[in-house]
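# Tertiary structure, described
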Amino acid sequence: MVEENDLIYGVYDKTRGVGGCDDYFGYFKKHKDAKSEMKTQFEHLKQKNPKETLKLYKDRVVKVKDKTEEIIIIIHPILLR
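Computed from a prediction, not measured in an experiment: that's the story for all the values here.

A few words now on the side chain of glutamine 41. Locating glutamine 41 in the fold gives a position in helix 1 (residues 31–48). When its relative accessible area of 15% is taken as the criterion, glutamine 41 is described as buried.

For the rest of this paragraph, the subject is the pairing of strand 5 (residues 68–79). Sheet analysis places strand 1 (residues 7–13) next to strand 5, joined by 7 bridges and oriented antiparallel. Each bridged residue has a counterpart across the sheet, and for tyrosine 9 the counterpart in strand 5 is proline 77. Relative to strand 5, strand 4 (residues 60–65) is paired through 6 bridges, and the arrangement is antiparallel. When the sheet's bridge partners are listed, valine 62 is paired in strand 5 with isoleucine 71.

Another point: the packing of aromatic side chains. Under the counting rule described, the total for this entry stands at 2 aromatic pairs. Their ring planes at 50° and their centres at 5.1 Å tell us that tyrosine 12 and tyrosine 24 sit as a pair that is tilted. Pair noted here: tyrosine 12 is in strand 1 and tyrosine 24 is in strand 2 (residues 24–28), with a separation of 12 residues, a long-range link. Chaining the aromatic ring pairs together yields one cluster made of Tyr12, Tyr24 and Tyr27.

What follows is about unusual backbone geometry. Phi is positive for aspartate 66, close to 55°, though the residue is something other than glycine. Position of aspartate 66 relative to the elements: it lies in the loop between strand 4 and strand 5. Look at aspartate 66 and you get exposed, because its relative accessible area is 70%.

What follows deals with the pairing of strand 4. Two strands pair when backbone bridges link them, and strand 3 (residues 53–56) and strand 4 are joined in this way by 4 bridges, in the antiparallel orientation. Each bridged residue has a counterpart across the sheet, and for lysine 55 the counterpart in strand 4 is valine 62.

What counts and what doesn't
Residues numbered from 1 in each chain as written. Predicted model: local features only at pLDDT ≥ 70, side-chain atom pairs only at ≥ 80, totals over all residues. Heavy atoms only, no water. Helix = DSSP H or I, 4+ residues; strand = E, 2+ residues; numbered from the N terminus. Buried < 20%, exposed > 50% of the residue type's maximum accessible area, 1.4 Å probe, protein only. Pairing = 2+ DSSP bridges. Phe/Tyr/Trp six-rings, centres within 6.5 Å; stacked < 30°, edge-to-face > 60°.

What is shown is where atoms sit, not what they do.
Structure, rendered in C-alpha cells:
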C-alpha cells in the first residue's frame, strides 16, 4: 500500500530530455509545490516564446501546433522504495 510519504513529485521538462536522459526542474514532497513550479515554468515559457500557443493543465503544460498538443512539461509521481 502506498503512503503519502512514499511519493514525491518530479516536474519533468520533456524538451530537454534528449536521448533518454531525464531532465527535471525539481523534486517535491507535496503535489501542490510541484504544481507551483510547473506554473512558474509555464509563465517563463510564455514570456520567452510569446508567439507559441501554450496551455496549462492540471499536471502538464502543452504546446499547441496545428490542433495537435505536444507535452512540454509534466508532473511525474515517483514512488520511493
